[in-house]
Amino acid sequence: MPSAIPRYLKLFFVPLGLAFLIYAIFLLARYPEGAVVGILAAVGLYMLYRGFGLDDIVALEKEKLWDAFLEQRMVFISYTAALLVSLVATVYGAMEVWKLYSAEGVWYMVP
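Keep in mind the model is a prediction, meaning the values are calculated, not measured. (Residues numbered from 1 in each chain as written. Predicted model: local features only at pLDDT ≥ 70, side-chain atom pairs only at ≥ 80, totals over all residues. Heavy atoms only, no water.)

Overview of the overall build of the protein
Part 1 of the reasoning: For the protein, the count of helices and strands is 4 helices and 0 strands.
Part 2 of the reasoning: Along the protein, helices and strands appear, N-terminal first, in the series α-α-α-α.
Part 3 of the reasoning: The burial tally for the protein puts 12% of its 111 residues in the buried class.
Part 4 of the reasoning: Taking all contacts inside the protein whose residues are at least 6 apart in sequence as the whole, residues at least 24 apart take part in 33%.
Part 5 of the reasoning: Total accessible area on the protein stands at roughly 9,400 Å², and carbon and sulfur atoms take up 74% of it. (Helix = DSSP H or I, 4+ residues; strand = E, 2+ residues; numbered from the N terminus. Buried < 20%, exposed > 50% of the residue type's maximum accessible area, 1.4 Å probe, protein only. Contact = heavy atoms within 4.5 Å. Areas by Shrake-Rupley, 256 points an atom, 1.4 Å probe, with all protein chains shown as cover.)

Description of the packing of aromatic side chains
Part 1 of the reasoning: Throughout the structure, instances matching the rule amount to 1 aromatic pair.
Part 2 of the reasoning: Relative to Tyr31, the ring of Phe26 has its centre 6.2 Å away and its plane inclined at 45°; by these criteria the two rings are tilted. (Phe/Tyr/Trp six-rings, centres within 6.5 Å; stacked < 30°, edge-to-face > 60°.)

What to know about the pattern of salt bridges
Part 1 of the reasoning: Within this structure, the stated rule accounts for 3 salt bridges.
Part 2 of the reasoning: Between Asp55 and Arg50 there is a salt bridge, and its shortest N-O distance comes to 3.4 Å. (Salt bridge = Lys/Arg side-chain N within 4 Å of Asp/Glu carboxyl O.)

Notes on helix α2 (residues 35-51)
Part 1 of the reasoning: Between its first and last C-alpha, α2 extends 24 Å over 17 residues, near the 24 Å set by a 1.5 Å rise per residue.
Part 2 of the reasoning: Buried within α2 we find Ala35, Gly38, Ala42, Val43 and Tyr46. Along α2, the residues classed as buried sweep out an arc of 120° about the axis, all on the same side. Residues of α2 that are exposed and point more than 90 degrees away from the buried face comprise Val36, Val37, Leu40, Leu45, Met47 and Gly51.
Part 3 of the reasoning: Once α2 finishes, Gly53 follows within two positions and takes phi at roughly 75°, a positive value. (Expected span 1.5 Å × (residues − 1). Arc of directions from axis to C-beta.)

Focus: helix α3 (residues 54-70)
Part 1 of the reasoning: The end-to-end C-alpha distance of α3 is 24 Å, a good match for the 24 Å that 17 residues give at a rise of 1.5 Å each.
Part 2 of the reasoning: Looking one or two residues past α3, Gln72 carries a phi angle of roughly 55°, positive in sign.

Focus on a nonpolar patch on the surface
Part 1 of the reasoning: A grouping of Leu45, Leu48, Tyr49, Phe52, Leu54, Ile57 and Val58 is seen on the molecular surface, where their side chains present a nonpolar patch of about 680 Å² in accessible area.
Part 2 of the reasoning: Phe52 sits in the exposed class, given a relative accessible area of 63%. (Patch = residues over 30% accessible without salt bridge, like charges linked within 9 Å, V, L, I, M, F, W, Y side chains within 5 Å.)

Here we look at unusual backbone geometry
Part 1 of the reasoning: Despite not being glycine, Arg30 shows a phi value in the positive range, around 60°.
Part 2 of the reasoning: With respect to the element layout, Arg30 can be found in the loop between α1 (4-28) and α2.

Structure follows, in C-alpha cells:
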C-alpha cells in the first residue's frame, strides 16, 4: 500500500506546483490579472494530457528514443534535431505573438 502514496502525491502536487509557478511568472511580468487564465489553461492542459493517456505514449517514445541512442542509429540524431528545431520555432513564434499582442494592447489596457 505505501507504493500508491507517491502516485497520489504526484497527481496532487504537480498541478499545484504548476499553478504556483505560473502565478509567480505573471507577478514578475507585472500582470497578475492574467495569472488566472494562465493557471486554468496549464492545469486544463495537464488534465487533458493525463486524461487521454498521453503520458504513456510519451514514456513509450522516450524508451524508443533511448533504445535508438544505445544502438547508435541516425534516428536519434534526426529526432534530436527535430526536437530542437521545434522548440526554437515554438519559442520564436510565442515571442512574435507576444510582441504583436502587447504592442497593440489586446491582452491588457495600455495606460
